[in-house]
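Next come the chains, spelled out residue by residue.
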Amino acid sequence: PVLVVDYGAQYAQLIARRVREAQVYSEVVPHTTPVDEMLAKDPAAIVLSGGPASVYAEGAPSIDAALFDAGVPVFGICYGFQLMAGALGGTVAHTGDREYGRTELSVAGDAGRLHGDLPDAHPVWMSHGDGVTKAPEGFTVTASSPGAPVAAFEDVDRRFAGVQYHPEVGHSPHGQEVLRRFLRDVARVPADWNTANIIDETVEAVRRQVGPEGRAICGLSGGVDSAVAAALVQRAIGDRLTCVFVDHGLLREGERGQVERDFVAATGVDLVTVDAAETFLRELQGVVDPEEKRKIIGREFIRAFEGAARDVAQGKGADFLVQGTLYPDVVESGGGSGAATIKSHHNVGGLPDDLQFSLVEPLRALFKDEVRRVGAELGLPETIVRRQPFPGPGLAIRIIGAVDAERLATLRRADAIAREELTSAGLDDVIWQCPVVLLADVRSVGVQGDGRTYGHPVVLRPVSSEDAMTADWTRLPYDALERISTRITNECAEINRVVLDVTSKPPGTIEWE
Ligand code: XMP
């Protein structure tokens, strides 16, 4: 792999994704990893990420210069660029002029491998207070910027290069090309990480893990992760996999069909559906408090899944439990070995002791966009592969007030209309997700036809986000909003008002409960 050494900024995972976009497999390792441990992974190249510290700050993360004696290509970015310069005998100085945000990169006469025939001046994204003032011996300086006399350097013979700016962000329009050139022209790493290889390698690894006789069980949620995980395991072990789908009655329009019909048709997977809608409704009756709703749903979900898992284990037998853990969860929980932190209830954290499974995690090495591409390549339905995030507790936490069948039906319809209109307006890639929230305990007066109405409002909550940790409300075109509003108030008898949530996160969360 290409190792991305994380110096504590939020950029390391993004860099790893960009390396993979250049079709090279990459992994993130913490900067505290000893050099021999890094080398033991036989890295094709090492990328040093940016970081928030000043190289001068006390306790600032440093670098073991032995890294540069191993014959492994190294690319330094921002803080990593400065560390590299310092370790190899260049000079890093506290220049005083902070350069933050968009700035212009001037490419030198000898632009080298990385910047050759890029525009003489082009925008890049910078974020630094210190700067390299003298490149180490053997390096050619290939670019500068107003705040960074040495903004890029390379030593092609030793296969070292670095940039002061952030090539991984969209604000550096040539950044991806520069990274790709480092990998291809300086490090000379083959570009062979593609969807077909990912599938082959994963299927092979699952076969090895489960063995020729082993059986597995997989919970499906209707979302992309569990579906792709199941499809990969199905490809590896065929009908020795049984999928369990708990229908808690809190799903959106069409989602049960997408699992029971479309997913099964695409994969031929052996599926058990647990029809638990009535139980969930009964347990949720009269419950208004959001946390209480979540607890009840979590508890009932595990109960339903456990029952089905027990049946499968006793009937056909099952020794393995498939989980859709993704690479970012693995990195965030400390990386390396062991199970990742289990985040949401439908990842089934609490199975009883007599139901012991080993975990199979076929998506452990993958980012979300790779999971979607694998799903598409495996022929899974578009509706599943492109599905936007939807919370495990489902529509229950989008009804503000108690949950009942009628309110669910109303919200389900309104949500389906909003989704249809967003899709037909081509806005699916603009938004991260758009919860539709029913204010079931609020009524307002309206007029429809000749009559007075006294109905409920729904809230549209379109958000844009990279990772759901922060989000901004999406400036949707007025005509799309108008169509959604008109259709919802016409087609949903209980609803006479549509309002728009214009709160970012923070301070608001994405969901209302
Ligand atoms: P919040 O509301 O915390 O949501 O801003 C962040 C993201 O997480 C989703 N979400 C959940 N996903 N189980 C899940 O699988 C849950 O209990 C849950 N609660 C919120 C939410 O839709 C958003 O994408």
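The structure displayed is predicted, hence computed values, not measured ones.

Procedures and definitions
- Residues numbered from 1 in each chain as written.
- Predicted model: local features only at pLDDT ≥ 70, side-chain atom pairs only at ≥ 80, totals over all residues.
- Helix = DSSP H or I, 4+ residues; strand = E, 2+ residues; numbered from the N terminus.
- Rg over C-alpha atoms; globule rule 2.2 N^0.38 Å.
- Buried ≥ 20, exposed ≤ 12 C-beta atoms within 10 Å, placed from the backbone.
- Axes fitted to C-alpha atoms, helices over the stretch in contact; angles between N-to-C directions.
- Parallel < 35°, antiparallel > 145°, perpendicular 65-115°, else oblique.
- Left-handed = near helix turned anticlockwise from the far one by under 90°.
- Contact = placed C-beta atoms within 7 Å.
- Nonpolar A, V, L, I, M, F, W, Y, C, P; charged D, E, K, R; others polar.
- Pairing = 2+ DSSP bridges.
- Near = placed C-beta within 6 Å.
- pLDDT = per-residue confidence, 0-100.
- UniProt positions renumbered as here; feature names shortened; annotations may be inferred.

K.L.:
So what's going on with the overall build of the chain? Residues and values would help.
P.N.:
Across its full length, the chain holds 15 helices and 21 strands. Relative to the globule expectation of 24 Å for 513 residues, the C-alpha radius of gyration of the chain, 26 Å, shows essentially globular dimensions. The principal-axis extent of the C-alpha atoms belonging to the chain is close to 80 × 65 × 40 Å. When the 513 residues of the chain are sorted by exposure, 42% land in the buried category.

K.L.:
Summarise the packing of helix α1 (residues 12-21) against helix α5 (residues 175-186); cite the residues concerned and give the values.
P.N.:
For the pair α1 and α5, interaxial distance at closest approach is 9 Å and the crossing angle is 65°. As judged from the angle between their axes, α1 and α5 are roughly perpendicular. The chirality of how α1 crosses α5 is right-handed. The residues of α5 that touch α1, namely those facing R18, V19 and E21, are Q176, L179 and L183. Of the residues in the contact of α1 with α5, the class split is three nonpolar, one polar and two charged.

K.L.:
Residues and numbers for the environment of V206, please.
P.N.:
Along the chain, the position of V206 falls in helix α6 (residues 195-210). Sequence separation between V206 and H128 is 78 residues, and the spatial gap between their C-alpha atoms is 44 Å. Dropping the residues within four chain positions of it, V206 is found in contact with L232, V233, A236, I237, V360 and P362.

K.L.:
Could you give me a rundown of the sheet that holds strand β1 (residues 2-6), with the residues and numbers involved?
P.N.:
Paired through their backbone hydrogen bonds, the strands of a sheet run either parallel or antiparallel. Reading across from one edge, β2-β1-β3-β4-β9-β8-β7-β5-β6 is the order of the nine strands in this open sheet, with mixed pairing throughout. Every interior strand has two partners, whereas the edge strands, β2 (26-30) and β6 (121-134), have only one. Ignoring strand direction, the axes of neighbouring strands in this sheet form an average angle of 25°. Taken together, the four bridges between strand β4 (residues 74-77) and strand β9 (residues 160-163) define a ladder with parallel strand orientation. Of the residues in β9, the one forming a bridge with I77 is V163. Contacts between α1 and the sheet are confined to β1, β2, β3 (45-48) and β4, with β2 contributing the most and set at about 160° to the helix. Packed onto the sheet, α5 meets β3, β4, β8 (148-155) and β9 and runs at close to 175° relative to β9.

K.L.:
Lay out the site of the ligand with the relevant residues and their values.
P.N.:
Around the ligand, the structure places 11 residues, and the nearest of them are P391, G392, T509, I510 and E511. Grouping the constituent residues of the shell around the ligand by class yields five nonpolar, four polar and two charged.

K.L.:
Outline unusual backbone geometry, supporting the account with residue identities and numerical values.
P.N.:
With an omega of -10°, the peptide bond between K505 and P506 qualifies as cis. Among the structural elements, P506 can be located in the segment after β21 (495-500). Backbone geometry at D117 places phi at a positive 45°, although glycine is not the residue there. Positionally, D117 belongs in the loop between α4 (112-115) and β6.

K.L.:
Would you mind going over the pairing of β8 in detail, with residue names and values included?
P.N.:
Both faces of the sheet carry side chains from a regular strand, because those side chains alternate between them. The buried fraction of β8 amounts to six of the eight residues, a majority that puts the element mostly inside the structure. Bridge count between strand β7 (residues 140-145) and β8: four bridges; the pairing is antiparallel. If you follow T140 over to β8, its bridge partner there is E154. Joining the antiparallel neighbours β7 and β8 is a turn of two residues. Note that β8 and β9 share four bridges and pair antiparallel. Paired with A152 across the bridge in β9 is V163. The antiparallel hairpin formed by β8 and β9 contains four residues in its connecting segment, where R159 sits at a positive phi of about 60°.

K.L.:
A description of the confidence of the model for the chain should follow, citing residues and the corresponding values.
P.N.:
For any part of a model where pLDDT is low, the fine detail of the predicted coordinates should not be relied upon. Here the chain averages 93 in pLDDT, and 97% of its residues register 70 or above. Counting interchain partners and residues more than four positions distant, the pLDDT-below-50 stretch residues 336-348 has 23 contacts. The complex model carries a pTM of 0.89, and its ipTM stands at 0.99.

K.L.:
So what's going on with the pairing of β4? Residues and values would help.
P.N.:
What you see with β4 is no split at all: V74 and G76 on one side and F75 and I77 on the other are buried throughout. Relative to β4, β3 is paired through three bridges, and the arrangement is parallel. Bridge pairing links L48 to G76 in β4.

K.L.:
Break down helix α3 (residues 79-87) for me, with residues and values.
P.N.:
The buried fraction of α3 amounts to eight of the nine residues, a majority that puts the element mostly inside the structure. Within α3, the full set of buried residues consists of Y79, G80, F81, Q82, L83, M84, A85 and A87. Next to the buried residues of α3 lie β1, β3, β4, β5 (91-107), β6 and β9. Just downstream of α3 lies G89, where phi reads positive at about 100°.

K.L.:
Can you explain the UniProt feature "binding site: ATP" (unreviewed entry) in the chain? Please cite residues and give values.
P.N.:
Listed under "binding site: ATP" (unreviewed entry) in the UniProt record, and renumbered for this structure, are S221, G222, G223, V224, D225, S226 and A227. Take G223: it is sitting in the loop between β10 (216-220) and α7 (224-237). Excluding residues that lie within four positions of it along the chain, G223 makes contacts with R387 and F390. Turning to its location among the elements, V224 is positioned in helix α7.

K.L.:
Describe the environment of A376, with residues and values.
P.N.:
When you line up the elements, A376 lands in helix α12 (residues 368-377). You can call A376 partly exposed: it has 16 C-beta atoms within 10 Å. Between the C-alpha atom of A376 and that of G257, which follows or precedes it by 119 residues, the distance is 18 Å.

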